[in-house]
Structure formats: C-alpha cells, structure tokens
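Architecture and fold: a report
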Amino acid sequence: MWQNNEVRFDISFSQLEMRLGEVIIDKLENIEDNKGNAGDRGRLLITNLRIIWHSSGYPRINLSIGYNTFVSVTTRAVARVFSSNTQALYILSSFRSCRYEFLFINLDPKNNRHYTSVLGVYRSYISSKLYREIKLRGAIIHDKRLTILPQENIHSTLNGVWNLSTEQVNIRTSKFGPTLVIVSNEGSGGYVLGFRIDPIEKLHLIHKEIKALLATYNKSPIFGVEYTPEHNAPVERKIDLNEFSEIEEIAEDEISNVLGVYFNDGEESNRIPVYNNYVGLMVEELKENTTMQQLWELIPSTSSQNTK
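Keep in mind it's a predicted model, so treat the numbers as computed, not measured.

Our next topic: the overall build of the chain. Helix and strand content of the chain: six helices and 16 strands. Scored against the burial criterion, the 308 residues of the chain give a buried share of 38%. Of the contacts made within the chain by residues no fewer than 6 positions apart, 58% connect residues no fewer than 24 positions apart. Total accessible area on the chain stands at roughly 19200 Å², and carbon and sulfur atoms take up 50% of it.

A few words on the sheet that holds strand β12 (residues 180-183). Pairing in this open sheet of three strands is antiparallel, and the strands run β11-β13-β12 from one edge to the other. Of all strands in the sheet, those with a lone pairing partner are β11 (162-163) and β12, marking the two edges. Sheet topology places β12 next to strand β13 (residues 192-196); four bridges connect them, and they run antiparallel. Considered in β13, the bridge of V183 is made with V192.

This brings us to the pattern of salt bridges. Per the stated rule, a full pass over the model turns up six salt bridges. One salt bridge connects D26 with R113, and the closest N-O pair in it is separated by 2.8 Å. Pair noted here: D26 is in strand β2 (residues 24-33) and R113 is in helix α2 (residues 113-127), with a separation of 87 residues, a long-range link. Residue D26 is classed as buried on the basis of its relative accessible area of 0%. The exposure class assigned to R113 is buried, which follows from its relative accessible area of 15%. For D198, the salt bridge is made with R196, and the minimal N-O distance between the two is 3.2 Å. Taking the relative accessible area as the measure of exposure, D198 reaches 42% and is therefore partly exposed. A relative accessible area of 23% means that R196 is categorised as partly exposed.

Attention shifts here to the packing of aromatic side chains. Applying the stated criterion across every chain yields a total of seven aromatic pairs. Relative to F70, the ring of Y67 has its centre 5.5 Å away and its plane inclined at 85°; by these criteria the two rings are edge-to-face. The pair formed by Y67 and F70 is uniform in burial state, with each residue classed as buried. Summarising the aromatic geometry, the rings of Y67 and Y125 are spaced 5.4 Å apart at their centres and angled 50° between planes, so their arrangement reads as tilted. Remark: Y125 occurs in helix α2 and Y67 occurs in the loop between β5 (62-66) and β6 (70-78); sequence separation between them is 58 residues. For the pair shown, Y67 and Y125 are each scored as buried.

Calculation rules
Residues numbered from 1 in each chain as written. Predicted model: local features only at pLDDT ≥ 70, side-chain atom pairs only at ≥ 80, totals over all residues. Heavy atoms only, no water. Helix = DSSP H or I, 4+ residues; strand = E, 2+ residues; numbered from the N terminus. Buried < 20%, exposed > 50% of the residue type's maximum accessible area, 1.4 Å probe, protein only. Contact = heavy atoms within 4.5 Å. Areas by Shrake-Rupley, 256 points an atom, 1.4 Å probe, with all protein chains shown as cover. Pairing = 2+ DSSP bridges. Salt bridge = Lys/Arg side-chain N within 4 Å of Asp/Glu carboxyl O. Phe/Tyr/Trp six-rings, centres within 6.5 Å; stacked < 30°, edge-to-face > 60°.

No statement about biological role is implied by the geometric values presented.
Below, the structure is given as structure tokens:
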C-alpha cells in the first residue's frame, strides 16, 4: 500500500482514486499550494491515508502526501500581499532519504479547516497504528483478556497453541511438524511467524478460517482512522470522475521540475538576493540546477517538453 507511505507529484487519475478502504474525510476548496503553486487555487482532499492537493484549473498538477511520511505538521503565520497574516498548514515529510516542505493556505481567511482537519486526522492515524502494523510484545492483554480495538471482533478462540516464532529454527521446515505460517509484507517488517496447533484437523480449520477472513478484509480494509470534521455538512466519500476528465497519464520525464521547490535540505535559508532577468526583480539566489522559469511555470512548457 503506497498511499500512506509515499510522496508523489503530478500523478495520474488512477493514482488519485481512492483505494479499497480509503475514504475522503474532509474536502476543502480554495486552497493554495503556497510552496510550489503560489497564486493557483486548488482543492485539498483529506483521506484516512493521505492528503491530496490538486489545481482547480489544471488537475494534472497535484500532490499526494502519505501520513506515514510526515516528520512534523504544524501551522505557520504567512504574510499575504493584499491581506493580513494568515495561518498556513506546514508539513515536513521524508521519503526516500529526501525531505520535502509543503505550505497550504486557505484563501478564505475565516476558514481554518485546512489545518484543523489535517491535524485531527493525522492524530487519529498515529493513534491507530495497531490496525496497520505488527506489534510484537505489546501491551494488548489486560486481566488475561485481549483488549479489543474499535470495529474489531473475535471470531474464534483456540487454546493450546504453541508460538514457534521465538525458536531459533526455520519455521517452514521445523521439527515441530505441520505448522501455521504467517508471512508479513516488507512494509510490516517482513516477519515470519509460526504456530503449532494440535490436532492437525484444527490446524487446517484455523488456516481455512484465516484465509477467508483475509479475503474479506482485502475487499474492505479497516484502517482505524476516524475523525469528524468541525462542520456538519456531509462530505462526498469518493472523487467525482467528471472533475478529472482532462487528466491523462504522464510520463516520468514530463513531471514538472517544480518538485525541487518542495525539497528541504535541512538548512536555514540564507541565500543573498540577486537580480533575476527572467522576472526583473531581486530574488533569493536559486539552488544549483534550478532556474526561475522552472519555478514560475505551473506546467512544463511545450518547448521544454520537446527538448527532453
């Protein structure tokens, strides 16, 4: 599942769609991506796995930021040219050894849901990790009973099960005979867990039951993230296909060079202002291999695409 674990730029509509179990918790209009698309109105979608921003005029210009990439999320006061300071949503994320900064401003000065909803959903995401991760040696037993999570049900209970995961053996070919083996994906640590169940008839029944429950879960996963927005208006839980009719598949070499705008090198900005011929103004000295034209463009120009 990449939605909560990755940062992606200018993705296709198929990747903007909600995956199974993903729902839109809040949706806001008139949100500006101040870091990379200043002055461009857009829409912010807050799901239970990520936040999505896309330009209202050019939906192919978009961001997908998974909650698991968040390093910090807070608010910052941002000075506006034609209005007083406003509170912006600031997100610092980390993905593939790179850090990225995002700054979202609500163009409606009376609306603060762009940060209250994101902060609320992110807190719920952090507090519900047991739904999505493997917990070893955790405090899940109280008074000799399993502590049940919300929306969790016990389907069956079986006594006399041996946990072989702590044995220094190869579980698949262990000396304990037929064994129930559970292999987690790499994102969960790549664990191989083994359990001996006697008699073998019970082993087969439990194996069949777990496979059936897993198939049911995969059709409608529960990720445990719950949050009720401050407003009472209902939120459409899916993306309207008609709103993205102009989005088309984008080759990797056509993705906007604006990605560099979000890059955070962990250093404070102390670059000396210099005159830039492209805009005719004094601007902060740009980073290496970055031009003002690349930062100014909302989408790559035809000429720049043809030269690639």
